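Structural description and commentary
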Amino acid sequence: MKRRRKSKLHPLVKALLVLVIVFAGVRLVSLQLQINDLQQQCEELDKEIKHKELANKELKESLDEGVTDEAIAKIARDVLGYASPGERIFIDSSEQ
């Protein structure tokens, strides 16, 4: 019958192996956290890109339409505060 030989590792080698395994585990967890953060940033940037593309599309449509009387009236009313002849503008001060 053959005797099974026990492998005796030096205690220093055992300690070194444990340290390497612990370091690898900590590093793995750290990298996984970084990956999750970067994926979240990527999703936020994708949403921002879609929002900007929609805004660009609206601006292109506005350019294609050109300057219309309605657009001029809207700018005069909303931005400049003008009113049509005989029109009264009331400002609701409760919202401010």
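A brief structural summary.

Reading the values: rules and limits
- Residues numbered from 1 in each chain as written.
- Predicted model: local features only at pLDDT ≥ 70, side-chain atom pairs only at ≥ 80, totals over all residues.
- Heavy atoms only, no water.
- Helix = DSSP H or I, 4+ residues; strand = E, 2+ residues; numbered from the N terminus.
- Rg over C-alpha atoms; globule rule 2.2 N^0.38 Å.
- Areas by Shrake-Rupley, 256 points an atom, 1.4 Å probe, with all protein chains shown as cover.
- Lys, Arg positive; Asp, Glu negative; His and termini not counted.
- Charge placed at Lys NZ, Arg CZ, Asp CG, Glu CD.
- Buried < 20%, exposed > 50% of the residue type's maximum accessible area, 1.4 Å probe, protein only.
- Patch = residues over 30% accessible without salt bridge, like charges linked within 9 Å, V, L, I, M, F, W, Y side chains within 5 Å.
- Salt bridge = Lys/Arg side-chain N within 4 Å of Asp/Glu carboxyl O.

Within the protein chain, the regular secondary structure consists of two helices and zero strands. Relative to the compact-globule value of 12 Å for 96 residues, the protein chain shows a C-alpha radius of gyration of 35 Å, a clear excess of over 25%. Taken as a whole, the protein chain presents about 10,200 Å² of accessible surface, with 59% of it coming from carbon and sulfur. Computing the positive centroid from 16 side-chain charges and the negative centroid from 16, the protein chain places the two 35 Å apart.

Looking now at the environment of Ser93. Here Ser93 lies in the segment after α2 (69–78). Look at Ser93 and you get exposed, because its relative accessible area is 55%. Between the C-alpha atom of Ser93 and that of Lys8, which follows or precedes it by 85 residues, the distance is 86 Å.

There is a patch of like negative charges on the surface, built from Glu58, Glu61, Asp64 and Glu65. Note that Asp64 resides in helix α1 (residues 11–65).

Counting through the fold element by element, Gly25 comes out in helix α1. Residue Gly25 is classed as partly exposed on the basis of its relative accessible area of 31%. In the structure, Gly25 is positioned 39 residues away from Asp64 in sequence and 58 Å away in space, judged by C-alpha atoms.

On to the pattern of salt bridges, then. Considering all chains together, one arrives at two salt bridges under this definition. For Asp78, the salt bridge is made with Lys74, and the minimal N-O distance between the two is 3.0 Å. With Asp78 and Lys74 both in helix α2, this residue pair falls four residues apart, about one helical turn. For Lys74, a relative accessible area of 53% gives the class exposed. Across the salt bridge formed by Arg77 and Glu87, the nearest N and O atoms sit 2.7 Å from each other. Linking Arg77 in helix α2 with Glu87 in the segment after α2, this pair joins segments that are ten residues apart in sequence.

A surface patch of nonpolar side chains, about 450 Å² in accessible area, is lined by Ile75, Val79, Leu80 and Tyr82. Mapped onto the fold, Tyr82 is located in the segment after α2.

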